[in-house]
Amino acid sequence: MTSFSASALDIIQAFYLASRRIRSSSVQGTDISVTALHTMKSLAAAHAQLNLRNEVSEEDAVCAIFLYEEAMTARYGYSLVGIKPMPHFMDGKTDSYIGKEHEYRMRQFQLHLFRFCMSHGYMGVSAREE
């Protein structure tokens, strides 16, 4: 059974609440599903399991939110946290998803995500500047 660290639960819940608030009041009217919280938690747990860990870390949660928001962006054409639609593995070029470039991209996303949640009053922890 996979357990969640406090920081992993915090960021998933903060993003969910902030997203519901912003999306429900937006002109585009693209509500976030009530099952989105469960979906993001399941994605985070799966990411931890893929990394052979029994506890979901903050990094797992950020990856899950990234994947969820990327799917929302592909479906609705815009992102609340700056995700740009990006086809995966085009022309066999996996280096943008593996290695230092990807790690840097995910760290930048994590900082942007923390700022988004904090600016909408849903983050109990402060964004870490790296």
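Predicted model, so just to flag it, every value in this text is computed and none were measured.

1. Observations regarding the overall build of the protein
Next up, step 1: Counting secondary structure elements, the protein contains four helices and two strands.
Next up, step 2: When burial is assessed residue by residue, the protein has 38% of its 130 residues classed as buried.
Next up, step 3: Residue pairs at least 24 apart in sequence account for 60% of intrachain contacts in the protein once pairs closer than 6 positions are excluded.
Next up, step 4: When the accessible surface of the protein is totalled, it reaches about 7,600 Å², and 56% of it is carbon and sulfur.

2. Some thoughts on the nonpolar core
Next up, step 1: In terms of nonpolar packing, the biggest core is built from 32 residues, with Ile 11, Phe 15, Met 40, Ile 65, Phe 109 and Leu 113 touching the most fellow members.
Next up, step 2: Contributing elements (two or more residues each) for this core: α1 (6-24), α2 (36-50), α3 (58-76) and α4 (100-119).
Next up, step 3: In terms of residue count, α3 provides more of this core than any other element does, eight residues in total.
Next up, step 4: Not counting the four nearest positions on each side in its chain, Met 40 is found in contact with Ile 12, Phe 15, Tyr 16, Ile 32, Ala 64, Ile 65 and Tyr 68.

3. Topic: the packing of α1 against α2
Next up, step 1: Axis separation between α1 and α2 bottoms out at 10 Å; the angle between their running directions is 150°. In this structure, the crossing between α1 and α2 has a hand that is right-handed. Every residue of α2 that contacts α1 at Leu 9, Ile 12, Gln 13, Phe 15 and Tyr 16 is listed here: Ala 36, Leu 37, Met 40, Lys 41 and Ala 44.
Next up, step 2: Within the contact of α1 with α2, the residues separate by chemical class into eight nonpolar, one polar and one charged.

4. Things to note about the packing of aromatic side chains
Next up, step 1: Counted by the stated rule, this structure contains two aromatic pairs.
Next up, step 2: Between Phe 15 and Phe 116, the aromatic rings sit 6.0 Å apart at their centres with planes inclined by 55°, giving tilted as the arrangement. Highlighted residues: Phe 15 in helix α1 and Phe 116 in helix α4, separated in sequence by 101 residues.
Next up, step 3: Residue Phe 116 is classed as buried on the basis of its relative accessible area, which comes to 8%.
Next up, step 4: The interplanar angle of 80° and the centroid separation of 5.0 Å between the aromatic rings of Phe 66 and Phe 109 together place this pair among those described as edge-to-face. Within this pair, whereas Phe 66 is found in helix α3, its partner Phe 109 is found in helix α4, the two being separated by 43 residues in sequence. Exposure class is identical for Phe 66 and Phe 109. Each is buried.
Next up, step 5: Sitting over the face of the ring of Phe 4, Lys 41 holds its NZ or CZ atom 5.8 Å from the ring centroid.

5. Side note on the pattern of salt bridges
Next up, step 1: Applying the stated criterion across every chain, the model contains two salt bridges.
Next up, step 2: Arg 107 serves as the salt-bridge partner of Glu 59, at 3.4 Å between the closest nitrogen and oxygen. With Glu 59 in helix α3 and Arg 107 in helix α4, the pair connects residues that are 48 residues apart, well separated along the chain.
Next up, step 3: Judged by relative accessible area, Arg 107 falls into the partly exposed class, the value being 27%.

6. Topic: the environment of Val 56
Next up, step 1: By the secondary structure assignment, Val 56 is in strand β2 (residues 55-56).
Next up, step 2: Val 56 gets classed as buried once you look at its relative accessible area, which sits at 0%.
Next up, step 3: Beyond its immediate chain neighbours, meaning those up to four positions away, Val 56 contacts Thr 2, Ser 3, Phe 4, Ser 5, Ala 8, Ala 44, Ala 45, Ala 48 and Ala 61.

Parameters at a glance
- Residues numbered from 1 in each chain as written.
- Predicted model: local features only at pLDDT ≥ 70, side-chain atom pairs only at ≥ 80, totals over all residues.
- Heavy atoms only, no water.
- Helix = DSSP H or I, 4+ residues; strand = E, 2+ residues; numbered from the N terminus.
- Buried < 20%, exposed > 50% of the residue type's maximum accessible area, 1.4 Å probe, protein only.
- Contact = heavy atoms within 4.5 Å.
- Areas by Shrake-Rupley, 256 points an atom, 1.4 Å probe, with all protein chains shown as cover.
- Core = buried A, V, L, I, M, F, W, Y, C linked by side-chain atoms within 4.5 Å.
- Axes fitted to C-alpha atoms, helices over the stretch in contact; angles between N-to-C directions.
- Left-handed = near helix turned anticlockwise from the far one by under 90°.
- Nonpolar A, V, L, I, M, F, W, Y, C, P; charged D, E, K, R; others polar.
- Phe/Tyr/Trp six-rings, centres within 6.5 Å; stacked < 30°, edge-to-face > 60°.
- Lys NZ or Arg CZ within 6 Å of the ring centre and 35° of its normal.
- Salt bridge = Lys/Arg side-chain N within 4 Å of Asp/Glu carboxyl O.

Honestly, it's all geometry; don't read function into it.
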